[in-house]
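Fold and contact review
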Amino acid sequence: MAATAYRGLFSLARQASKTVVPRAAGVRLCSTELHPTIRPVNEVQKQTLSEFGQYVAECLPKYVQKVQITAGNELEVLIPPEGVTPVISFLKDHTNAQFTCLADLCGVDMPSRSYRFEVVYNFLSVRFNSRIRVKTYTDELTPVDSICDIHKAANWYEREVWDMYGVFFANHPDLRRILTDYGFEGHPFRKDFPLSGYVECRYDDEVKRVVVEPIELAQEFRKFDLAAPWEQFPNFREHVASEEVPIKEEK
Amino acid sequence: MAARKATTGLTGLAVATNPHHTLGVLYSKILRCLHKMPPDAAYRKYTEQIVTERHNLVKTETDVTKLEQVMNAGQVEEVIQQAENELSLARKMLEWRAWEPLVQEPPSEQWRWPL
């Protein structure tokens, strides 16, 4: 795919103001004329993004596992933890990418998986007015390479992920807690960490300081099952969360 | 020789004194680095395409303002910055050997969503 054609398509995408809304699968009688509040699908942008996703996968076949487009035309590149530095350097330095702005760095905890933590990087390209998401995985003990050398903004974000999830970032200049209290034990955003925590603080007049004690709640925790007996979205039974962009050549 | 313009308008980016020379040097360095990669590597193909195209534009167009317009990539100082980034990236890609096939397959349930 020609490099200049990609850039040309991008300016086309910027100029495309109105697109014909196609019939989405599983949605009956849905068009902007009948339902003006339904968000129109921008097919041109989706096409440009999927082509760029294929371009990234072609340039970095060693590290790109999967490329997908989620709802709202968001491109996601899924990589193993070894690929963090190469892929993010590529996205920042390559002329056709130039994703110079780190918009967000966060973690996700999914305890049912073997590599329970996901680290999500969001980038913005100011030159091409485009966003991209990069996702890696790790477990409690495996470190992920820090990207502080590439994006200075990652410093406090990685500290937050360490504090909240316990994901260690190798070669981080200053990895310490940032949001929790000074002697706090535990990683609060993990799914097995309870909502009210394990400890509570109070001022003790005898010792004249704040003491930390195990928690005592007046009412026990109530978990509500919020599922309704009826199906909520019968029009969206076949709806998929994300569409995979084909990156392997058919041989 | 009077400066082409007073400022680039971008903090920390000084006006380039001899942009054609700088760009020529950078592009030839990038091409020399890319030649060390295997010829079927996609990164090499696409980057060579971009770099030779821009190199030809630099060689043919002597006026800097017209060069900026033809390249359509921002000011020459930004183009020089992009070339420096591309050079450092090309050297790192050579070291990482990023054209090889996938180094680690994900576990089967890793990217399934909803869980």
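Refer to the structure printed above.
This section reports on the structure supplied with the text. (Residues numbered from 1 in each chain as written. Chains lettered and ligands numbered in written order. Predicted model: local features only at pLDDT ≥ 70, side-chain atom pairs only at ≥ 80, totals over all residues. Heavy atoms only, no water.)

**Considerations on the pattern of salt bridges**
Under the counting rule described, the total for this entry stands at 23 salt bridges over all chains. A salt bridge links A:Arg113 to A:Glu118, with the nearest nitrogen and oxygen atoms 2.7 Å apart. Taking relative accessible area as the criterion, A:Arg113 reaches 7% and is therefore assigned buried. Since its relative accessible area comes to 4%, A:Glu118 is described here as buried. With a shortest N-O distance of 2.7 Å, B:Arg97 and B:Glu100 are connected by a salt bridge. Residue classification places B:Arg97 among the partly exposed positions, given a relative accessible area of 41%. Residue B:Glu100 is classed as partly exposed on the basis of its relative accessible area of 25%. Through salt bridges with shared partners, a single ionic network connects A:Glu74, A:Glu76, A:Arg113, A:Glu118, A:Arg133 and A:Lys135. (Salt bridge = Lys/Arg side-chain N within 4 Å of Asp/Glu carboxyl O. Buried < 20%, exposed > 50% of the residue type's maximum accessible area, 1.4 Å probe, protein only.)

**Some words on the pairing of strand β4 (residues 117-125) of chain A**
Residue and element names in this part refer to chain A. Among the nine residues that make up β4, nine are buried, leaving the element largely enclosed by the rest of the structure. Here β4 shows two buried faces, one formed by Phe117, Val119, Tyr121, Phe123 and Ser125 and the other by Glu118, Val120, Asn122 and Leu124. Both strand β3 (residues 101-109) and β4 contribute to a ladder of eight bridges, which runs antiparallel. Across the sheet, the residue bridging to Asp104 is Asn122, located in β4. The hairpin formed by β4 and strand β5 (residues 130-138) contains four residues between the paired strands, and Asn129 there has a positive phi angle of roughly 50°. (Helix = DSSP H or I, 4+ residues; strand = E, 2+ residues; numbered from the N terminus. Pairing = 2+ DSSP bridges.)

**A look at helix α4 (residues 76-96) of chain B**
The end-to-end C-alpha distance of α4(B) is 30 Å, a good match for the 30 Å that 21 residues give at a rise of 1.5 Å each. Following α4(B) by one or two positions, B:Arg97 has its phi on the positive side, about 55°. (Expected span 1.5 Å × (residues − 1).)

**Points about the pairing of strand β8 (residues 199-204) of chain A**
All names here are of chain A. Judged from the six bridges that link them, β8 and strand β9 (residues 209-214) form a sheet pairing that is antiparallel. Note on β9: the bridge partner recorded for Tyr203 is Val210. Between β8 and the antiparallel strand that follows it, β9, lie four residues; Lys208 among them carries a positive phi value of about 55°.

**A few points about the interface of chain A and chain B**
Contacts between the two partners involve 40 residues from chain A, matched on the other side by 38 residues from chain B. Both faces considered, chain A and chain B share a buried interface measuring about 3,300 Å² in area, 55% of it formed by carbon and sulfur atoms. Considering only the surface of chain A that becomes buried against chain B, A:Lys62, A:Asp93 and A:Arg113 emerge as the three largest contributors, covering 20% of it. Between chain A and chain B we count two salt bridges in total. Between B:Glu100 and A:Lys62 there is a salt bridge whose closest N-O contact spans 3.3 Å. If you look at where chain A meets chain B, you find 15 residue pairs in polar contact (both at pLDDT 80 or more). Looking at the side of chain A that touches chain B, the elements with two or more residues in it are α1 (3-15), α2 (43-59), α3 (84-93) and β5 of chain A. Considering every element that reaches the side of chain A that touches chain B, the biggest residue donor is α3(A), with five residues. (Contact = heavy atoms within 4.5 Å. Buried area = accessible area lost by both parts, 1.4 Å probe. Polar contact = N/O pair within 3.5 Å; in protein donor to acceptor, adjacent residues only side chain to side chain.)

**Topic: the sheet that holds β5(A)**
Residues and elements named next belong to chain A. Sheet architecture is open: six strands sit in the order β3-β4-β5-β2-β1-β10, paired in mixed fashion. A strand with exactly one partner marks an edge of an open sheet, and here the two such strands are β3 and β10 (242-244). Taking the axes of each pair of neighbouring strands and ignoring which way they run, one obtains an average angle of 25° across the sheet. In the packing of α3 onto the sheet, the strands contacted are β4 and β5, and the crossing angle to β4 comes to about 15°. The strands that helix α4 (residues 154-165) touches are β3 and β4; relative to β3, the one it contacts most, it runs at about 5°. (Axes fitted to C-alpha atoms, helices over the stretch in contact; angles between N-to-C directions.)

**Overview of unusual backbone geometry**
In this structure, B:Pro114 follows B:Trp113 across a cis peptide bond, with omega equal to 0°. With respect to the helices and strands, the residue B:Pro114 is situated in the segment after α4. In this structure, A:Asn73 is a non-glycine residue whose phi angle is positive, near 55°. Inspection of the secondary structure puts A:Asn73 in the loop between β1 (66-70) and β2 (74-78). Judged by its relative accessible area of 15%, A:Asn73 falls in the buried class. If you check the backbone angles, A:Lys208 has positive phi at about 55° while not being a glycine. Inspection of the secondary structure puts A:Lys208 in the loop between β8 and β9. The exposure class assigned to A:Lys208 is exposed, which follows from its relative accessible area of 56%.

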